[in-house]
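# Results of the structural survey
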Amino acid sequence: GQQLNQSPQSMFIQEGEDVSMNCTSSSIFNTWLWYKQDPGEGPVLLIALYKAGELTSNGRLTAQFGITRKDSFLNISASIPSDVGIYFCAGRYSNTGKLIFGQGTTLQVKP
Amino acid sequence: EPEVTQTPSHQVTQMGQEVILRCVPISNHLYFYWYRQILGQKVEFLVSFYNNEISEKSEIFDDQFSVERPDGSNFTLKIRSTKLEDSAMYFCASSITSGSGNEQFFGPGTRLTVL
């Protein structure tokens, strides 16, 4: 089945630094999503991307849908302590709504 | 803001027992999903449900699993005879449509521990 490779697996950064993470797939997706998961909670949607090449921002977050439709990246600028959590990319290719998730990037921010 | 709710937050059961995990999706949503997340791993799709039918299910969703919308508000996941490897967080999600522009909202999850 379809799989997403997400990297890096974890990041430990200083407050104020920028962060970048990405996902790649061997198959095409028609939607890319980025979620954040805090401990003991469900994933919360950050950004949704629907067209190849699309670049979308949500506050300090920026994400892009790769031209090949096989990759996406998420950037976080000027990180703050509350950015701590696990970030997942997810792709959708099916009209049943099924999401395929990446393995997650654990972000830790040092004040 | 409307949200997906799940009960119980934590379920402990003995291997071989049946469990029912409950979800109340957002009221105007029509598509419902179950996902699971084994500790420290990624979120995995189990099943999607629309119009009282399963739309798609993964290879994880074998004959031991079933879903039901018993009334207008609840959406349940039943595991008939639990195994140790069923221990995981189970997330319910719902959406207005299954396509672009109306994304899935996730509940807080039920942690299932099988002893």
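Now for a description of the structure that goes with this document. What you see is a predicted model, and the numbers here were worked out from it, not measured in a lab.

Rules of the game
- Residues numbered from 1 in each chain as written.
- Chains lettered and ligands numbered in written order.
- Predicted model: local features only at pLDDT ≥ 70, side-chain atom pairs only at ≥ 80, totals over all residues.
- Heavy atoms only, no water.
- Helix = DSSP H or I, 4+ residues; strand = E, 2+ residues; numbered from the N terminus.
- Rg over C-alpha atoms; globule rule 2.2 N^0.38 Å.
- Buried < 20%, exposed > 50% of the residue type's maximum accessible area, 1.4 Å probe, protein only.
- Contact = heavy atoms within 4.5 Å.
- Areas by Shrake-Rupley, 256 points an atom, 1.4 Å probe, with all protein chains shown as cover.
- Lys, Arg positive; Asp, Glu negative; His and termini not counted.
- Charge placed at Lys NZ, Arg CZ, Asp CG, Glu CD.
- Disulfide = S-S within 2.5 Å.
- Salt bridge = Lys/Arg side-chain N within 4 Å of Asp/Glu carboxyl O.
- Buried area = accessible area lost by both parts, 1.4 Å probe.
- Polar contact = N/O pair within 3.5 Å; in protein donor to acceptor, adjacent residues only side chain to side chain.
- Nonpolar A, V, L, I, M, F, W, Y, C, P; charged D, E, K, R; others polar.

Turning our attention to the overall build of chain A. Across its full length, chain A carries zero helices and eleven strands. Going from N to C terminus, chain A has its helices and strands arranged as β-β-β-β-β-β-β-β-β-β-β. Radius of gyration (C-alpha) of chain A: 13 Å, near the 13 Å computed for a compact globule of 111 residues. With the principal axes as the frame, chain A shows a C-alpha extent of 40 × 30 × 20 Å. Among the 111 residues that make up chain A, the fraction classed as buried is 46%. Contacts in chain A between residues far apart in sequence, at least 24 positions, make up 54% of those at least 6 positions apart. Counting only carbon and sulfur atoms, one obtains 50% of the accessible surface of chain A, whose full area is about 5100 Å². Charged side chains of chain A number 8 positive and 8 negative; the gap between the two group centres comes to 11 Å.

Covalently bonding the sulfur atom of one cysteine to the sulfur atom of another cysteine gives a disulfide. Residues and elements named next belong to chain A. Taken as a whole and assessed by the stated rule, the structure comprises two disulfides over all chains. Two residues share a disulfide in this structure: Cys23 and Cys89, whose sulfurs sit 1.7 Å from each other. Negative torsions about the S-S bond denote left-handed disulfides, and the value of about -80° found for Cys23 with Cys89 makes this one left-handed. Taken together, the residues Cys23 in strand β3 (residues 19-25) and Cys89 in strand β9 (residues 85-92) connect sequence positions 66 residues apart.

Right, let's talk about the pattern of salt bridges for a bit. Evaluated as defined, the whole model comprises five salt bridges over all chains. Salt-bridge contacts for Glu56 of chain B lead to Lys98 of chain A; the nearest nitrogen and oxygen are separated by 3.7 Å. Taken together, the positions of Glu56 of chain B in strand β6 (residues 53-57) and Lys98 of chain A in the loop between β9 and β10 (100-101) put the pair across two chains. Each member of the pair, Glu56 of chain B together with Lys98 of chain A, is buried. The partner of Glu44 of chain B in a salt bridge is Arg36 of chain B, with the nearest N and O atoms 3.1 Å apart. Note on Arg36 of chain B: relative accessible area 10%, which makes it buried.

What follows concerns the interface of chain B and chain A. Each partner contributes residues to the interface: chain B has 21 residues there, and chain A has 22 residues. Carbon and sulfur atoms supply 51% of the area that chain B and chain A bury against each other, a total of about 1700 Å² over both sides. The interface formed by chain B and chain A holds two salt bridges in total. For the pair chain B and chain A, the number of links is nine residue pairs in polar contact (both at pLDDT 80 or more). Contributions of two or more residues to the side of chain B that touches chain A are made by β4 (31-37), β5 (43-50) and β6 of chain B. Broken down by class, the residue content of the side of chain B that touches chain A amounts to seven nonpolar, eleven polar and three charged.

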